[in-house]
Amino acid sequence: MSDTLIPGVYQTTKLDRALGWARKYSIFMYPFVTACCGMEYMSVASSHYDIDRFGAGLPRFSPRQADVLIVVGTISQKMAPVLRRVYDQMCEPKWVIAFGACASVGGPYDNYSTLQGIDRIVPVDIYIPGCPPRPEMILDGLMKLQEKIQNQKQDLI
Amino acid sequence: MTPEELISRLATDLPKLNLKGWVDKEHAVVELPAANIPELFKFLKTTPDYDFKMFLDLTAVDWFEIRKPRFDVVYHLLSIEHNHRLRIKAQVEEGEAVPTITKIWEVADWFEREVWDLYGIKFTGHPNLKRILMYDEFKGHPLRKDYPYDKRQPLIAETWPVRKIQVKMKEADVIHRP
């Protein structure tokens, strides 16, 4: 490494930019999969579309190890306290993706049993529309999230 | 047995149960008072000629403001041996109870809990009649026609302020709901 660099040359950056760069390429997802959108999520996660290219290939099934809560599918009123609790258990910094129409606004289920969008109980960073969304759309949403992580002010905890 | 034969034979075999039968789209239907349900079902399950071994479905219909009595309780049975089916209906007024059939078919346990949960029809003699789909804090029975379609009973408070704009728009009557 050292012999490829010109001696005496160094790079400067801002701490925010450097941390954002590190964080956006090491996203550990927590997939909160409750419905049929899960099939699309699996297809994105496996080799054909391969979200590992974006550094998000390692799903963690404990909220304490995850950075991004990705809510995939319909959330019923009965499930809402569970989702809120999972969100509260995640460590800062954390982000949330609402995956598909149901998680974003309730989808076709405008009735007594369904939560009309998870943004009623947790803050959402990225909404991915579609019923279910195409894998390309999910990758696009993921890149939008990476952009957001890169450009935000990084809290040092 | 064809549906027509099934109905006529049932009426002659069980004259004291007040059976009323007809054929609906090639499907045999029998209607009777709710109190006679356990007796009929025991007969249908144990008599070899009918041999209805399989309990398929139990549901209810709400005829709110259209008919009195208000509810229909609907059962579906299947005989695997003879390949014939039967639909059994009983009319129930609001507040009336239906005798349970969990002693004849144990599988009816969860069906009866579901009907109680969503329609509020009670089943006397049921071992554990409580809500099965909705949460315990839920008030009312959501599939009744007089349950408001846009009524929500959230379990936790809607804390995040994103929806405040929508609420304001609703107050200003911008969003039209049919």
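Quick notes on the rules
Residues numbered from 1 in each chain as written. Chains lettered and ligands numbered in written order. Predicted model: local features only at pLDDT ≥ 70, side-chain atom pairs only at ≥ 80, totals over all residues. Heavy atoms only, no water. Salt bridge = Lys/Arg side-chain N within 4 Å of Asp/Glu carboxyl O. Buried < 20%, exposed > 50% of the residue type's maximum accessible area, 1.4 Å probe, protein only. Helix = DSSP H or I, 4+ residues; strand = E, 2+ residues; numbered from the N terminus. Phe/Tyr/Trp six-rings, centres within 6.5 Å; stacked < 30°, edge-to-face > 60°. Lys NZ or Arg CZ within 6 Å of the ring centre and 35° of its normal.

Undergrad: For this particular structure, what's the right way to read the pattern of salt bridges?
TA: Should the charged atoms of two oppositely charged side chains come close, the side chains can pair. Taken as a whole, this structure holds 17 salt bridges over all chains when the rule is applied. A salt bridge links Arg134 of chain A to Glu136 of chain A, with the nearest nitrogen and oxygen atoms 3.4 Å apart. By relative accessible area, Glu136 of chain A is classed as partly exposed at 42%. Across the pair Lys20 of chain B and Glu31 of chain B runs a salt bridge whose closest N-O atoms are separated by 3.8 Å. Taken together, the positions of Lys20 of chain B in strand 1 (residues 20–24) and Glu31 of chain B in strand 2 (residues 27–31) put the pair eleven residues apart, joining distant regions of the chain. Judged by its relative accessible area of 48%, Lys20 of chain B falls in the partly exposed class. On the basis of relative accessible area, Glu31 of chain B is assigned to the buried category, the value being 13%. Ionic contacts of the salt-bridge type, sharing partners, join the residues Asp62, Arg70, Glu94, Arg144 and Asp146 of chain B into one network.

Undergrad: What am I meant to see in the packing of aromatic side chains here?
TA: Each aromatic ring pair is specified by the distance between its two centres and by the angle formed by the two planes. Following the criterion strictly, the structure yields twelve aromatic pairs over all chains and no others. For the pair Phe41 of chain B and Trp105 of chain B, a centre-to-centre distance of 5.7 Å together with 80° between the ring planes defines the contact as edge-to-face. Of this pair, Phe41 of chain B sits in helix 2 (residues 37–46) while Trp105 of chain B sits in the loop between strand 6 (97–99) and helix 3 (108–119), and the two are 64 residues apart along the sequence. A relative accessible area of 0% places Phe41 of chain B in the buried class. With a centroid separation of 5.6 Å and an interplanar angle of 35°, the aromatic rings of Phe55 of chain B and Trp105 of chain B are classed as tilted. With Phe55 of chain B in strand 3 (residues 54–62) and Trp105 of chain B in the loop between strand 6 and helix 3, this pair connects stretches of sequence that are 50 residues apart. Trp105 of chain B matches Phe55 of chain B in its accessibility class, with the two residues each being buried. An aromatic cluster of three or more residues is present, and its members are Phe41, Phe55, Tyr75, Trp105 and Phe111 of chain B. Here the guanidinium or amino end of Lys94 of chain A rests over the ring plane of Tyr87 of chain A, the centre of that ring lying 4.1 Å away. Seen from the ring of Tyr50 of chain B, Arg9 of chain B lies directly overhead, with NZ or CZ sitting 5.7 Å from the centre.

Read these as geometric descriptors, not functional statements.
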